[in-house]
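Structure assessment
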Amino acid sequence: MQMNELVQILMVLFTGVLLGAIFFGGLWWTVQRGLSARQPALWFGASMLLRTAVVLAGFYFFAGPDWKRLLVCMVGFIIARFVVIRLTTKQKLTEVSHAP
């Protein structure tokens, strides 16, 4: 593997992480806003279409016809999923109250 190929792979990986952050961050944002909206179906439907269109266009543009770059981009996308879940999960430490 040449240095140029390594740089391309790292850029595609970063792009996958960015696309995943946009997709899953947008999903989190939609759930937060959509639950209190007057028309939640519109929020969820429009968000799904927009997020899917952005991610598919990003995969098409950055991965191109090369299956290896598409695979690396998907790995970055999945990495972002775990990162967004980790950042948006509220960890609550609660005391357990036992009856005497």
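Predicted model, so just to flag it, every value in this text is computed and none were measured. (Residues numbered from 1 in each chain as written. Predicted model: local features only at pLDDT ≥ 70, side-chain atom pairs only at ≥ 80, totals over all residues. Heavy atoms only, no water.)

Observations concerning a nonpolar patch on the surface
Where nonpolar side chains cluster on the molecular surface, the patch consists of Trp67, Leu71, Val75, Ile79, Val83 and Leu87 and spans about 620 Å² of accessible area. Checked against the element boundaries, Val75 lands in helix H3 (residues 67–88). In this structure Val75 comes out as partly exposed when scored by relative accessible area, which is 40%. (Patch = residues over 30% accessible without salt bridge, like charges linked within 9 Å, V, L, I, M, F, W, Y side chains within 5 Å. Areas by Shrake-Rupley, 256 points an atom, 1.4 Å probe, with all protein chains shown as cover. Salt bridge = Lys/Arg side-chain N within 4 Å of Asp/Glu carboxyl O. Helix = DSSP H or I, 4+ residues; strand = E, 2+ residues; numbered from the N terminus. Buried < 20%, exposed > 50% of the residue type's maximum accessible area, 1.4 Å probe, protein only.)

Regarding the packing of aromatic side chains
A ring pair, where both rings are aromatic, is described by two values, the distance of the centres and the angle of the planes. In this structure the tally under the stated criterion is 6 aromatic pairs. Judged by centre distance (5.7 Å) and plane angle (50°), the rings of Phe23 and Phe77 are tilted. With Phe23 in helix H1 (residues 3–34) and Phe77 in helix H3, this residue pair connects regions lying 54 residues apart in the sequence. We note that Phe23, like Phe77, is buried. With centroids separated by 5.7 Å and ring planes inclined at 65°, the aromatic side chains of Phe59 and Phe77 adopt a geometry described as edge-to-face. Of this pair, Phe59 sits in helix H2 (residues 40–63) while Phe77 sits in helix H3; the two residues are 18 residues apart in sequence, bridging distant segments of the chain. With relative accessibility at 11%, the residue Phe59 sits in the buried group. Residue class for Phe77 comes out buried when judged on its relative accessible area of 11%. Among the aromatic side chains, those forming a connected cluster through ring pairs are Phe23, Phe24, Phe59 and Phe77. In this arrangement the basic side chain of Arg51 is found over the ring face of Phe23, its NZ or CZ atom lying 4.6 Å from the centre. Cation over ring: Arg81 sits above Phe82, and NZ or CZ is 5.4 Å from the ring centre. (Phe/Tyr/Trp six-rings, centres within 6.5 Å; stacked < 30°, edge-to-face > 60°. Lys NZ or Arg CZ within 6 Å of the ring centre and 35° of its normal.)

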